[in-house]
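Summary of structural features
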Amino acid sequence: MELALLLLLLVCAPRWGRVAGCCSGLGNPWLEARALAQLPCTPTPLPPVDMPFQEYVEHLLEPQDLTLLGSDTLYFFGDNNFTEWGSLFQKYVPPPFRLPGTTSAYSFGIAGSGSGVPFHWHGPGFSEVIFGRKRWFLYPPEHTPEFHPNRTTLSWLLDTYPRLPPEARPLECTIRPGEVLYFPARWWHATLNLDTSVFISTFLG
């Protein structure tokens with residue numbers, strides 16, 4: 001348990017100056033929004049949906065609807081078009097941490113309050129919040145969480161989480177602007193945006 005807690009320590013370095021202005025390039029006209037069910041561990045990934053960024057912000061950047069399944073919830077994150085979003089990534093200064101023998105790939109996201117990604121796992125990386133707050137739930141690889149892959153994190157938090165005995169609950173933390181979380185390889189994790197949030201993940205591979 002001490003090792004697990006060590007891995008989840010927040011890196012709260014003052015990064016305001018490093019990320020200031022990073023979101024000034026949000027005028028790009030198109031994006032690919034993805035359904036929440038499209039995750040590396042899901043058996044039937046869903047295709048991305050192309051839409052204007054303005055339409056996403058005006059109509060989909062809103063609190064999570066509890067009646068929607070993950071496959072019906074669009075969430076802008078992952079596989080960013082680095083041509084269209086190049087001005088943003090040029091201004092971003094990544095966390096000053098590395099794992100030997102890995103390279104970095106960045107993924108930018110923006111999402112409404114109550115949205116998030118249900119439990120899944122992949123390789124290691126860092127997650128940084130630029131605006132808003134993001135709550136994390138994590139389990140070590142040997143502990144498969146109790147969840148349905150097409151239920152949203154908010155649904156899991158309201159329905160499943162209260163029934164878990166203390167020993168079955170995940171490690172948890174909330175990261176805020178300028179804070180960075182390191183997620184180890186193959187650790188199960190789910191996220192919940194507590195506010196409208198802007199965030200960038202650094203995947204190490």
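For the structure itself, look to the data block above.
Notes on the structure in this doc start here. As the structure is a prediction and not an experimental result, all values here were calculated from the model.

What follows deals with the sheet that holds strand β7 (residues 171-175). The strand order across the open sheet formed by 3 strands is β7-β6-β9, and the pairing between neighbours is antiparallel. Single-partner strands in this sheet number two, and they are β7 and β9 (188-193). Ignoring strand direction, the axes of neighbouring strands in this sheet form an average angle of 20 degrees. Pairing of strand β6 (residues 134-139) with β7 involves 5 bridges; the strand directions are antiparallel. Within β7, the position partnered with Leu138 by the bridge is Leu171.

Turning to the pairing of strand β10 (residues 197-204), a few remarks are in order. Counting buried positions along β10 gives 7 out of 8 residues, so the element sits mostly inside the fold. Both strand β5 (residues 125-131) and β10 contribute to a ladder of 6 bridges, which runs antiparallel. By the bridge assignment, Phe126 is partnered in β10 with Thr202.

What counts and what doesn't
Residues numbered from 1 in each chain as written. Predicted model: local features only at pLDDT ≥ 70, side-chain atom pairs only at ≥ 80, totals over all residues. Heavy atoms only, no water. Pairing = 2+ DSSP bridges. Helix = DSSP H or I, 4+ residues; strand = E, 2+ residues; numbered from the N terminus. Axes fitted to C-alpha atoms, helices over the stretch in contact; angles between N-to-C directions. Buried < 20%, exposed > 50% of the residue type's maximum accessible area, 1.4 Å probe, protein only.

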